[in-house]
Amino acid sequence: MSETTGKPLLHLHMETVREFASFGYVITLTDRSAVHNGTFIVDVGGIGLPQNTKPTAGPAIGELTWPMPADGDYELVLHRRKEVSTVPFSIRNAVPSLRS
């Protein structure tokens, strides 16, 4: 939920399988979405140091947030180097769920 507008948000949270002992690293995510076409496109970049380099153990984390789109069927397309993964999902009553 947006603190400023009170409207629901669609939130993407990614984290690495690997855990880091020294810093809470971040995953660089670039939004190239064309939501009007029913597609959320994200470039997954490398891992870097966060703005706050306070020692924190754990996985690297990347997050993006969009205004909640209307009910319907969508695709999340993730680009990582030469790999492309597509995740189909639906939104019903502002609740996303994976499609098979």
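Treat the numbers as computed from the prediction; the structure is a model and nothing was measured.

Regarding the environment of Val84
Then, in step 1: With respect to the element layout, Val84 can be found in strand β6 (residues 83-92).
Then, in step 2: Spatially, the C-alpha atoms of Val84 and Val44 are 10.0 Å apart, while their sequence positions differ by 40 residues.
Then, in step 3: Those residues within four positions of Val84 in sequence are excluded, and the remaining contacts are Val77, Leu78 and His79.

Remarks on the side chain of Ser90
Then, in step 1: Looking at the element boundaries, Ser90 is found in strand β6.
Then, in step 2: Residue classification places Ser90 among the buried positions, given a relative accessible area of 8%.
Then, in step 3: A polar contact is formed between the side chain of Ser90 and the side chain of Asp73, at a distance of 2.6 Å.
Then, in step 4: Those residues within four positions of Ser90 in sequence are excluded, and the remaining contacts are Gly72, Asp73, Val95, Pro96, Ser97 and Arg99.

Focus: the pairing of strand β5 (residues 72-80)
Then, in step 1: Strand direction decides the pairing type here: strand β3 (residues 39-48) and β5, joined by 5 bridges, are parallel. Looking at the pairing, Asp43 lines up with His79 of β5.
Then, in step 2: Where β5 meets β6, 9 bridges bridge the pair, whose relative direction is antiparallel. Its bridge partner being in β6, Val77 is matched across the sheet by Thr86.
Then, in step 3: Between β5 and the antiparallel strand that follows it, β6, lie 2 residues; Arg81 among them carries a positive phi value of about 55 degrees.

Observations regarding the pattern of salt bridges
Then, in step 1: Throughout the structure, instances matching the rule amount to 2 salt bridges.
Then, in step 2: Put simply, Asp43 and Arg32 hold a salt bridge, and the shortest N to O gap is 2.7 Å. Of the two residues, Asp43 sits in strand β3 while Arg32 sits in the loop between β2 (26-31) and β3, which places them 11 residues apart along the sequence.
Then, in step 3: Note on Asp43: relative accessible area 22%, which makes it partly exposed.
Then, in step 4: With a relative accessible area of 43%, Arg32 lands in the partly exposed category.

Conventions adopted
Residues numbered from 1 in each chain as written. Predicted model: local features only at pLDDT ≥ 70, side-chain atom pairs only at ≥ 80, totals over all residues. Heavy atoms only, no water. Helix = DSSP H or I, 4+ residues; strand = E, 2+ residues; numbered from the N terminus. Contact = heavy atoms within 4.5 Å. Buried < 20%, exposed > 50% of the residue type's maximum accessible area, 1.4 Å probe, protein only. Polar contact = N/O pair within 3.5 Å; in protein donor to acceptor, adjacent residues only side chain to side chain. Pairing = 2+ DSSP bridges. Salt bridge = Lys/Arg side-chain N within 4 Å of Asp/Glu carboxyl O.

These figures capture arrangement, not role.
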